[in-house]
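Residues per chain are reported as follows:
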Amino acid sequence: RPAMYMKPHADATNTPNVKICGFEVRLQGRALFTLLCVCAIGSALGFASLQEGVFNVPGFTYSGWMTFMTAATMALCGHAERLLTGDMQRVGTLQQYAKLSVLTLAGMYFTNWSLKYLNYATRVIFKSSKLLPTMVVGTIMQGRAYSLLEYCAAGGLVAGIVLFTLGDAEVLPSFHPAGIGLIGLGLAADAATSNYEEKAFFRAARPASQAEVVAFSSMFGSAWGLLLLIPTDELGKAIHHSLERPEVLPILVGSSVCGYVSVSFVLLLIKLYGATVTEMVKSLRKVLTIVLSFVIYPKPVSWKYGLGGVAVLASLFATHELQRRKGGDVKQAGPNGAEGEPLTQADAEAAQPLSEEPVEAIVQPEVDDSEGASK
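The written sequence of each chain sets the order in which its residues are numbered from 1. Thresholds applied to this predicted model are a pLDDT of at least 70 for local features of residues and 80 or more for the giving and counting of side-chain atom pairs; totals over whole chains, interfaces and linings are not thresholded and use all residues. Side-chain calculation: all heavy atoms of the structure are included, whereas hydrogens and water are not.

## Observations regarding a nonpolar patch on the surface
Part 1 of the reasoning: Only residues whose relative accessible area exceeds 30% and that form no salt bridge enter a patch; like-charged residues are grouped when within 9 Å of one another, and nonpolar side chains (Val, Leu, Ile, Met, Phe, Trp, Tyr) when within 5 Å. Here the accessible surface of atoms and residues is derived via Shrake-Rupley with a 1.4 Å probe, and residues count as covered only by protein chains that are part of the display. What makes a salt bridge here is a side-chain nitrogen of Lys or Arg within 4 Å of a carboxyl oxygen of Asp or Glu, nothing more. A surface patch of nonpolar side chains, about 440 Å² in accessible area, is lined by Val102, Trp224, Leu226, Leu227 and Ile230.
Part 2 of the reasoning: Take Ile230: it is sitting in the loop between helix H8 (210–229) and helix H9 (234–244). Per the convention used, a helix needs a DSSP run of H or I reaching at least four residues, while a strand needs a run of E reaching at least two, with both numbered from the N terminus.

## Comments concerning the pattern of salt bridges
Part 1 of the reasoning: Applying the stated rule across the entire model yields three salt bridges.
Part 2 of the reasoning: Between Arg82 and Asp87 there is a salt bridge; the shortest N-O distance is 4.0 Å. Across this residue pair, the class does not change: Arg82 and Asp87 are buried.
Part 3 of the reasoning: Between Lys237 and Asp233 there is a salt bridge whose closest N-O contact spans 3.1 Å.
Part 4 of the reasoning: Between buried and exposed lies partly exposed: a residue is buried under 20% and exposed over 50% of the maximum accessible area for its type, with that area taken using a 1.4 Å probe on protein chains only. Using a relative accessible area of 45% as the deciding quantity, one classes Lys237 as partly exposed.

## Observations regarding the side chain of Ser222
Part 1 of the reasoning: Take Ser222: it is sitting in helix H8.
Part 2 of the reasoning: Its relative accessible area of 11% is what places Ser222 among the buried residues.
Part 3 of the reasoning: Should any heavy atoms of two residues lie within 4.5 Å, those residues are counted as being in contact. The contact partners of Ser222, leaving out residues within four places of it in the chain, are Phe68, Ala71 and Ala72.

## Some words on H9
Part 1 of the reasoning: Taken residue by residue, H9 has Glu234, Leu235, Ala238, His241 and Ser242 as its buried positions. One side of H9 holds all its buried residues, which, seen down the axis, span an arc of 130°. Among the exposed residues of H9, those oriented more than 90 degrees off its buried face are Leu243 and Glu244.
Part 2 of the reasoning: Buried positions along H9 lie against helix H2 (63–85), H8 and helix H10 (248–273). Relevant arc is that of directions from the helix axis to the C-beta atoms, nothing else.

## Examining the packing of aromatic side chains
Part 1 of the reasoning: In summary, the pairing rule links any two rings of Phe, Tyr or Trp, Trp by its six-membered ring, whose centres are within 6.5 Å, and it sorts them by plane angle into stacked for under 30 degrees, edge-to-face for over 60 and tilted for everything else. Under the definition given, this model contains ten aromatic pairs.
Part 2 of the reasoning: Between Tyr196 and Phe201, the ring centres sit 6.1 Å apart and the planes meet at 80°, which makes this aromatic pair edge-to-face.
Part 3 of the reasoning: Taking relative accessible area as the criterion, Tyr196 reaches 19% and is therefore assigned buried.
Part 4 of the reasoning: Put simply, the rings of Tyr97, Tyr196, Phe201 and Phe216 pair up and form one aromatic cluster.
Part 5 of the reasoning: Only when the NZ of Lys or the CZ of Arg is both within 6 Å of the ring centre and within 35 degrees of the ring normal is a charge said to sit over the ring. Here the basic side chain of Arg90 rests over the ring of Phe216, its NZ or CZ set 5.8 Å away from the ring centre.

## Details of the packing of helix H3 (residues 94–114) against H8
Part 1 of the reasoning: To get an axis, a line is fitted to the C-alpha atoms, and for a helix only the part in contact is used. The angle between two axes follows their N-to-C directions and goes from 0 to 180 degrees. Where H3 meets H8, the closest approach of the two axes is 7 Å, and the angle between their N-to-C directions is 65°. The handedness of the crossing between H3 and H8 is right-handed. Counted together, Leu94, Tyr97, Ala98, Leu100, Ser101, Val102, Thr104, Leu105 and Tyr109 of H3 and Glu212, Val213, Phe216, Ser217, Phe220, Gly221, Trp224, Gly225 and Leu228 of H8 form the full contact between these two elements.
Part 2 of the reasoning: Following the grouping adopted for this structure description, the nonpolar residues are Ala, Val, Leu, Ile, Met, Phe, Trp, Tyr, Cys and Pro, the charged ones are Asp, Glu, Lys and Arg, and the polar ones are all others, Gly among them. Partitioning the contact of H3 with H8 into residue classes produces twelve nonpolar, five polar and one charged. Throughout, a crossing is termed right-handed when the near helix is turned clockwise from the far one, and left-handed when it is turned anticlockwise from it by less than a right angle.

## Thoughts on the packing of H8 against H10
Part 1 of the reasoning: Two numbers describe how H8 lies on H10: the axes approach to 11 Å, and their chain directions differ by 150°. Accordingly, the angle class assigned to the pair H8 and H10 is roughly antiparallel. Every pair of crossing elements has a handedness; the one defined by H8 and H10 is right-handed. Only Tyr260, Val263, Ser264 and Leu267 of H10 make contact with H8, whose side of the interface consists of Gln210, Ala211 and Val214.
Part 2 of the reasoning: Its residues placed into classes, the contact of H8 with H10 shows five nonpolar, two polar and no charged. Any angle between 65 and 115 degrees counts as roughly perpendicular, while under 35 counts as roughly parallel, over 145 as roughly antiparallel, and the rest as oblique.

Encoded structure:
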């Protein structure tokens, strides 16, 4: 029997109540899934194109300013969503959010800094390899165990990264090895952030909402970002440059809003359709981001980019297959908004699609049972 990744369970008297920023979406079945995918991918592409675009503004080299503006905008978006949804009861402690904000800010700061020396497409490839440090940090912080096959699949990412980096070194005048170190530090901070968020907020006895976590961690992060800017001359120069180039601030704010919206839709996809299906959507997003980068902002092309992209795609699909074999879907969130539990094969077989026709289920080919990805 083929393995099936079902739409959210619903019976005749309990239609799923899907809300986005407090507004109910009255769609079901394929229409709902298509809407969420289009919104998640579209907003992510908007974030990427606008963020790369600001570095194409003549004279813009202020990664610290970008980090501060991103964190401040994300904090405002998070608080606005909490206000719209009535989520005004804080769950996490301020001390927890202060700790998380250091990791969040470090991830943004080092990643943005690396764009001075790396191609944006290379940055996307490096961010795709977040699986590697996440696996390592997950083993250290949460005691997770991964199979050798998983590490082999993840290791394929390294080959793609090396090829893309060699391509940058060949055709990018601003390339510098420091960019590799900076993006590496950003990835390590992102991995620590993901594991700390999961352990402290999302897998706690009383889980916090995504809007709360983003709002408070970004609020603290913007404060740390401003404190880092004040002792330097970057703040004054960045403000002066933004006044001379009035398009900079709208681009920075727009990219941050798109980033926040993308995260919200991705989390909603995970809750409704499961981690496996969502990862496939995210992979498509990454491919389109790289293609869009080369189309909108023409840059020299090397055969190493093409070969590296193929290696990364193969590794991502292999990782998703491993995840699918073990079972990466989650049950729909409960009425309190908490994230669902892992969906077992028995759950999948017992679930019913939204539509009355059984063909509405999302079907994938049958595979042998074996070890798969843990996340």
